[in-house]
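Geometric and topological summary
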Amino acid sequence: MARRPANRFVCQSCGAVFPKWSGRCDACGAWNSIVEETVEPTATGGTNARRRAGARINLVGLAGDTPPPPRIETRISELDRVLGGGLVPASVVLVGGDPGIGKSTLLLQGACALARLGRKVMYISGEEAVDQIRLRARRLGLEAPTLELAAAINVADIAATLEAEKDLALVVIDSIQTMWMETVESAPGTVSQVRASAFELIRLAKQRGFSLILVGHVTKEGALAGPRVLEHMVDAVLYFEGDRGHQFRILRAAKNRFGATDEIGVFAMTDQGLEEVPNPSALFLAERRGHIAGSAVFAGMEGTRPVLLEVQALLSPKAGDGGARRAVVGWDTGRLNMLLAVLEARCGIKLNTMDVHLNIAGGLRVGEPAADMAVAAALVSAATGQPTSAGSVYFGEVGLSGEIRQVSQPDTRLKEAHKLGFEQAFLPRRIARGNRKPSAPDGLGIQEIGHLGDLVSLFTGAMEGADA
Ligand code: TYD
Ligand code: MG
């Protein structure tokens with residue numbers, strides 16, 4: 001009797017498998033994410049299949065000479081930086097991002113750059129026709145006679161093509177959600193299809209030694225749509241983010257087996273495609289207007305690179321009887337609530353009758369607690385109507401008792417502030433005598449702040465001074 005293909009129900013968000021359908025996934029809590037999929041009977045799987053006897057695997061010691069992985073630089077330095085110095089042969093990179101953010105543009109530019117260096121590069125699109133890609137390349141002024149283009153979605157065909165190629169340096173698959181394998185009986189874009197297609201392509205990359213870049217779409221909630229499972233199968237996961245209303249695009253590593261995950265690459269989307277932004281601080285601060293209450297400059301770090309950003313706060317009397325609004329763009333709402341609580345409990349600044357809007361100008365997302373002091377300065381400045389002095393930067397973490405805590409790399413932050421013409425920096429006071437004084441460049445004044453109250457009194461003191 002022929003085996004009836006079994007059906008199973010797979011969550012398209014986390015990949016969990018259930019014997020029957022339900023409206024909510026028990027594993028990840030997503031609603032309406034469970035889809036019925038047919039399981040293909042495989043030759044090796046199943047309980048009845050004969051098992052091959054295992055062979056002993058080789059074990060080696062921890063010590064031993066392993067050279068660092070060779071790198072293929074794309075010469076797009078913002079991209080190379082996030083990759084950890086360039087592409088690693090036989091490695092797999094997943095590039096995620098919202099539709100329309102510029103993934104295809106970035107990868108086409110990267111592929112062309114590599115092809116121009118004489119490397120063999122293939123760009124396979126399942127989303128756009130070859131003519132469309134050619135048109136875009138022409139519009140961007142990209143020339144790379146050796147770049148090989150194809151529009152294809154059938155993984156078996158792609159695999160057959162790749163098997164026959166020699167000396168391939170890079171293959172770009174745009175996007176993994178459009179790829180399709182005949183042997184898997186579910187629609188393209190489902191977890192089963194994505195997983196099987198990726199598995200096949202990854203196997204080829206490891207076997208043939210080329211770098212593989214997979215493009216993946218991201219849902220509104222910020223998770224890679226469907227292929228969460230993919231994150232475990234690849235060597236690096238990069239997210240391409242940015243606000244479509246803004247020019248800036250940030251490439252960020254969420255996982256990287258060959259490099260640091262806190263590096264970012266900054267690009268600007270122009271009509272010439274993506275341009276590298278070697279000095280993000282200047283760009284992020286370009287539209288700042290000095291001497292406005294509610295604005296403070298944060299001297300932040302993104303990976304090894306200092307980035308200065310403007311923090312903007314706006315307070316308005318709350319409307320209606322409900323709770324006050326806390327609207328945050330580019331920072332963490334929980335962290336804002338904590339700061340507001342500390343300001344109220346430790347410094348007597350009550351903002352519970354005010355709606356608070358907080359914005360990191362330029363569209364960058366800040367994750368560092370070091371931004372606390374800049375956010376507090378922006379809030380207190382907005383509350384008192386006293387502008388922060390135009391030439392000042394702030395950094396320092398705020399603790400629950402209002403103490404200002406040390407943060408990493410003060411020297412690098414100070415150097416960047418000085419480079420951009422700032423004259424004064426507010427930073428955490430050294431507690432232990434052993435703590436080295438941060439080395440401030442000449443011409444940059446340093447104000448050590450021990451408690452949030454000291455920062456507040458800089459503003460309220462100025463107010464009293466003005467009243468007198
Ligand atoms: P695209 O790379 O197609 O995005 P993705 O692959 O992530 O879906 O980028 C599409 C957007 O980028 C589109 O809205 C137009 C914009 N764009 C520019 O502003 N300038 C350009 O030179 C190009 C090629 C695209
Ligand atoms: Mg695209």
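All values derive from a computational prediction rather than experimental measurement.

1. Section: helix H10 (residues 410-419)
Listed in full, the buried residues belonging to H10 are Arg 413, Leu 414, Glu 416 and Ala 417. Along the long axis of H10, the arc covered by the buried residues comes to 160°, so they all point the same way. Residues of H10 that are exposed and angled more than 90 degrees away from the buried face: Lys 415 and Lys 419. Packed against the buried residues of H10 are helix H7 (280-284), strand S13 (295-302), strand S14 (305-317), strand S17 (392-394), strand S20 (424-428) and strand S21 (445-449). Phi turns positive one or two residues past the end of H10, at Gly 421, with a value near 85°.

2. Structural notes on the packing of aromatic side chains
The tally for this structure, following the rule as stated, stands at three aromatic pairs. Consider the rings of Phe 248 and Phe 284, whose centres lie 5.0 Å apart with planes at 70°: the pair is edge-to-face. One end of the pair, Phe 248, is in strand S10 (residues 248-256); the other, Phe 284, is in helix H7, and 36 residues separate them in sequence. There is no split in this pair, since Phe 248 and Phe 284 are both buried.

3. Describing the site of ligand 1
With respect to spatial proximity, 15 residues lie near ligand 1, and among them Gly 100, Lys 103, Ser 104, Thr 105 and Thr 270 are the closest. Interatomic distance of 2.8 Å between a backbone N/O atom of Lys 103 and an oxygen atom of ligand 1. Asp 271 places a main-chain nitrogen or oxygen 3.4 Å from an oxygen atom of ligand 1. In the complex, the protein chains occlude 74% of the 550 Å² of accessible area that ligand 1 would expose alone. It is helix H2 (residues 103-116) that contributes the most residues to the shell around ligand 1, three residues altogether. Within the shell around ligand 1, the residues separate by chemical class into four nonpolar, seven polar and four charged.

4. With respect to the side chain of Thr 190
Secondary-structure assignment places Thr 190 in the loop between strand S7 (168-174) and helix H5 (191-208). On the basis of relative accessible area, Thr 190 is assigned to the buried category, the value being 10%. Side-chain polar atoms of Thr 190 contact the side chain of Ser 186, separated by 3.2 Å. Setting aside its immediate chain neighbours within four residues, Thr 190 contacts Gln 12 and Glu 37.

5. Some thoughts on the packing of H2 against helix H3 (residues 130-139)
The geometry of H2 relative to H3 is characterised by a closest axis approach of 11 Å and an angle of 70° between their N-to-C directions. On the basis of their axis angle, the class for H2 and H3 is roughly perpendicular. When H2 is examined against H3, the residues Ser 104, Thr 105 and Leu 108 are found in contact with a partner set consisting of Ile 133, Arg 136 and Ala 137. By residue class, the composition of the contact of H2 with H3 is three nonpolar, two polar and one charged.

6. What about the UniProt feature "binding site: ATP" (unreviewed entry) in the protein chain?
UniProt records the feature "binding site: ATP" (unreviewed entry) at Gly 97, Asp 98, Pro 99, Gly 100, Ile 101, Gly 102, Lys 103 and Ser 104, using the numbering of this structure. Among the structural elements, Gly 97 can be located in strand S4 (residues 92-97). We classify Gly 97 as buried; its relative accessible area is 3%. What Gly 97 contacts, discounting residues up to four positions off in sequence, is Lys 103, Gly 216, His 217, Val 218 and Phe 240. Tracing the sequence through the fold places Asp 98 in the loop between S4 and H2. Overall, the relative accessible area of 34% leaves Asp 98 in the partly exposed class.

7. Considering the pattern of salt bridges
Per the counting criterion, the structure on display carries 17 salt bridges. Here Lys 206 ties to Asp 235 by a salt bridge, and the two come within 2.9 Å at their closest N and O atoms. Pair noted here: Lys 206 is in helix H5 and Asp 235 is in the loop between helix H6 (230-233) and strand S9 (236-241), with a separation of 29 residues, a long-range link. Taking the shortest distance from any N to any O, the salt bridge between Lys 419 and Glu 416 comes out at 3.3 Å. Residue Lys 419 and its partner Glu 416 are located together in helix H10, separated by three residues, close to a single helical turn. Assessed through its relative accessible area of 6%, Glu 416 is described here as buried. When salt bridges with common partners are traced through the structure, they connect Glu 78, Arg 81 and Arg 305 into a single cluster.

8. Description of the domain arrangement of the protein chain
According to the domain assignment, the protein chain contains domain 1 (7-38), domain 2 (77-278) and domain 3 (283-458). The C-alpha-based centres of domain 2 and domain 3 are spaced at 37 Å. With 13 residues of domain 2 at the interface, the matching set in domain 3 holds 10 residues. When residues of domain 2 are sorted by the area they lose upon contact with domain 3, Phe 248, Glu 263 and Ile 264 head the list and together hold 42% of the total. Counting across the domain 2 and domain 3 interface gives two salt bridges. Viewed at the interface, domain 3 and domain 2 are joined by five residue pairs in polar contact (both at pLDDT 80 or more). When contributions to the side of domain 2 that touches domain 3 are tallied by element, the ones reaching two or more residues are helix H1 (77-83), S10 and strand S11 (264-270).

What counts and how
Residues numbered from 1 in each chain as written. Chains lettered and ligands numbered in written order. Predicted model: local features only at pLDDT ≥ 70, side-chain atom pairs only at ≥ 80, totals over all residues. Heavy atoms only, no water. Buried < 20%, exposed > 50% of the residue type's maximum accessible area, 1.4 Å probe, protein only. Helix = DSSP H or I, 4+ residues; strand = E, 2+ residues; numbered from the N terminus. Arc of directions from axis to C-beta. Contact = heavy atoms within 4.5 Å. Phe/Tyr/Trp six-rings, centres within 6.5 Å; stacked < 30°, edge-to-face > 60°. Near = heavy atom within 4 Å. Polar contact = N/O pair within 3.5 Å; in protein donor to acceptor, adjacent residues only side chain to side chain. Areas by Shrake-Rupley, 256 points an atom, 1.4 Å probe, with all protein chains shown as cover. Nonpolar A, V, L, I, M, F, W, Y, C, P; charged D, E, K, R; others polar. Axes fitted to C-alpha atoms, helices over the stretch in contact; angles between N-to-C directions. Parallel < 35°, antiparallel > 145°, perpendicular 65-115°, else oblique. UniProt positions renumbered as here; feature names shortened; annotations may be inferred. Salt bridge = Lys/Arg side-chain N within 4 Å of Asp/Glu carboxyl O. Domains from an automatic or database assignment. Buried area = accessible area lost by both parts, 1.4 Å probe.

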